[in-house]
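Structure at a glance
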Amino acid sequence: MVVCTDRIGALASADAGAALGRAFVAARPGTQVAVVPLASGGPDLAEALDALGHDAVVVRDPDADPGHHGHHDHTHGDEEPTGVDPVSTSLGVGRALAEALAGRPRRVVVDLTGLLTHDGGAGILHALGAAADVPLDAGAGGLTGITTVDLAPARALVGDTELVAVVDPAELQDMLLGLRGLTSRRGRAAGTDPALMLSTDAALGALAGALGVPDAPGLGAAGGAVLALAALGGWATSGPSLCAEVAQVERTASVADVLVTGADHVDFATRGGHVVPEVAALGERTMRPVVVVARKVDISGRELRTFGVEVAYAVGGGADLGSAELTRRATGVASSWTW
């Protein structure tokens, strides 16, 4: 079996996966278990990639919320829409990236989850040495009138390093401009003044034009910060997809009997976060059943099957659920599942 779980209780992906794996082995000795850590962003993503032996340097904005992995434009429940902030900037993550690039790594993973900006990545470009005929570090409001951007210093700093932007999976199809673009989505959700929306969209359009990057799905992710990385040859993906690609999990899953995933809480609105849907899609591609283990489950079996999950088990426990207790609680689940 393959175990690819999100954080459960106090356990990050690798530890939660190992605890679940021990439960299935205890219930059925001789079971072969492959634990593949997956994570959406924040410290959990860096930990998962490290556990996979990946040599990439992971950077993120030091001021980004470590526990918030997105949904700035795709709000759920009681989350407040982000709105249009013309002074927010991606300068912080740009400085972290510049520091990482000084070491000439093979790959830098730029974790944009939890980043609150609306500047199209102009702050990132400024931190990497790019220059323009308007300030690049003053947010989208400072981009009005931009016509040229000199990327030569930034490209020299990037060199042969591969840049990978990690964003919320829900934003991977988001456009930057127009009625389906970043400013329109955020502005309409928050009731922003239409005049501010129009001027901000125009400024981001001018930045994209100066960079020579046509609008495309994904460029509107993370406040448009993907635009800057795309101009420097980077590409965007989600945290779970990147971990799965590094681990070559599809090849492993294709020879497994069952895929086990997990999350702290599974309900219909969130579907357990970002890892559970990633594993469900993996199960569909490899034609393997997917089982979910979570502390709390508030979703029916019929609803689970709409996104490719066979069954979900609630093991209970508190938010501080540890490894030994998770194994103990999950052993009963493992005993009841036949594959």
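Details of the structure are given in the entry above.
Here's a quick rundown of the structure.

The rules behind each value
Residues numbered from 1 in each chain as written. Predicted model: local features only at pLDDT ≥ 70, side-chain atom pairs only at ≥ 80, totals over all residues. Heavy atoms only, no water. Salt bridge = Lys/Arg side-chain N within 4 Å of Asp/Glu carboxyl O. Helix = DSSP H or I, 4+ residues; strand = E, 2+ residues; numbered from the N terminus. Buried < 20%, exposed > 50% of the residue type's maximum accessible area, 1.4 Å probe, protein only. Pairing = 2+ DSSP bridges. Contact = heavy atoms within 4.5 Å. Phe/Tyr/Trp six-rings, centres within 6.5 Å; stacked < 30°, edge-to-face > 60°. Lys NZ or Arg CZ within 6 Å of the ring centre and 35° of its normal. Axes fitted to C-alpha atoms, helices over the stretch in contact; angles between N-to-C directions. Parallel < 35°, antiparallel > 145°, perpendicular 65-115°, else oblique. Core = buried A, V, L, I, M, F, W, Y, C linked by side-chain atoms within 4.5 Å. Left-handed = near helix turned anticlockwise from the far one by under 90°. Nonpolar A, V, L, I, M, F, W, Y, C, P; charged D, E, K, R; others polar.

A closer look at the pattern of salt bridges
Scanning all chains against the criterion turns up 10 salt bridges. Across the salt bridge formed by Arg-107 and Glu-245, the nearest N and O atoms sit 3.9 Å from each other. With Arg-107 in strand S4 (residues 107-111) and Glu-245 in helix H9 (residues 239-247), the pair connects residues that are 138 residues apart, well separated along the chain. The salt bridge partner of Arg-185 is Asp-174, with a shortest N-O separation of 3.3 Å. Remark: Asp-174 occurs in the loop between strand S7 (162-167) and helix H6 (182-190) and Arg-185 occurs in helix H6; sequence separation between them is 11 residues.

So, the pairing of S7
For S7, the buried fraction is high: 5 of the 6 residues fall into the buried class. Examined bridge by bridge, S4 and S7 share 5 bridges and lie parallel to one another. Bridging from a neighbouring strand, Val-109 pairs with Val-164 of S7. Where S7 and strand S8 (residues 235-238) come together, 4 bridges link them in parallel fashion. Across the sheet, the residue bridging to Val-166 is Thr-237, located in S8.

Side note on H9
Of all the positions in H9, only Gly-239, Pro-240, Leu-242, Cys-243 and Ala-244 are classed as buried. Contacts from the buried residues of H9 go to helix H2 (42-51), S4, S7, S8, helix H10 (249-253) and helix H11 (275-286). At the exit of H9 stands Gln-248, carrying a positive phi of roughly 50°.

A closer look at the packing of aromatic side chains
Each aromatic ring pair is described using two quantities: the centre-to-centre distance and the angle formed by the ring planes. Per the counting criterion, the structure on display carries 0 aromatic pairs. Over the aromatic face of Phe-268 sits the side chain of Arg-271, whose NZ or CZ is 5.6 Å from the ring centroid.

Some remarks on the packing of H2 against H9
The interhelical angle for the contact between H2 and H9, taken along N-to-C directions, is 5°, at an axis separation of 10 Å. The orientation of H2 relative to H9 falls into the category roughly parallel. When H2 is examined against H9, the residues Leu-45, Ala-48 and Leu-49 are found in contact with a partner set consisting of Gly-239, Leu-242, Cys-243 and Val-246.

Digging into the nonpolar core
Residues Leu-97, Leu-112, Leu-143 and Leu-211 are the most contacted members of the largest nonpolar core, which totals 46 residues. Among the elements of the structure, helix H3 (91-101), S4, helix H4 (122-127), helix H5 (152-158), S7, helix H7 (194-211) and helix H8 (225-231) are those that each provide at least two residues to this core. With 34 residues, the next largest nonpolar core counts Leu-45, Val-292, Ala-294 and Ala-312 among its residues.

Notes on the packing of helix H1 (residues 13-27) against helix H13 (residues 323-336)
One way to put it is that H1 packs onto H13 with a least axis distance of 7 Å and a crossing angle of 45°. One element, H1, and the other, H13, form an angle in the oblique class. For the pair H1 and H13, the crossing hand works out as right-handed. Together, Ala-16, Ala-19, Leu-20, Arg-22, Ala-23, Phe-24 and Ala-27 of H1 and Ser-323, Leu-326, Thr-327, Ala-330, Thr-331, Ala-334 and Ser-335 of H13 make up the contact between the two elements. Counted by class, the contact of H1 with H13 contains 9 nonpolar, 4 polar and 1 charged residues.

Here's the deal with the environment of Ala-216
Mapped onto the elements of the fold, Ala-216 is located in the loop between H7 and H8. Owing to a relative accessible area of 29%, Ala-216 belongs among the partly exposed residues under this scheme. Separated by 215 residues in the primary sequence, Ala-216 and Met-1 have C-alpha atoms spaced 38 Å apart. The residues touching Ala-216, leaving out its near neighbours within four places in the chain, are Asp-174 and Met-175.

Some details on the environment of Gly-83
Its place among the elements puts Gly-83 in the loop between strand S3 (57-60) and H3. Between the alpha carbons of Gly-83 and Ala-189 there is a distance of 6.9 Å; along the sequence they are 106 residues apart.

Here we look at the sheet that holds strand S1 (residues 2-5)
Each strand in a sheet pairs with its neighbour through backbone hydrogen bonds, running either in the same direction (parallel) or in the opposite one (antiparallel). The strand order S2-S1-S9-S10-S11 describes an open sheet built from 5 strands, whose pairing is parallel. If you trace the sheet from one side to the other, it starts and ends with strand S2 (34-35) and strand S11 (311-314), each paired once. When S1 meets S2, the two strands line up parallel, connected through 2 bridges. For Val-3, the partnering residue across the bridge sits in S2 and is Val-35. Running at roughly 140° to S1, H1 makes contact with S1, S2, strand S9 (259-267) and strand S10 (290-298) of the sheet.

Structural notes on the pairing of S4
With 5 of 5 residues buried, S4 is to be regarded as a mostly interior element. Residues Arg-107, Val-109 and Asp-111 line one face of S4 and the alternating positions Val-108 and Val-110 line the opposite face, and both faces are buried. Relative to S4, S3 runs parallel, the two being bridged by 4 bridges. Residue pairing in the sheet places Arg-60 in a bridge with Asp-111 of S4.

Bear in mind that shape data such as this cannot, by itself, settle questions of function.
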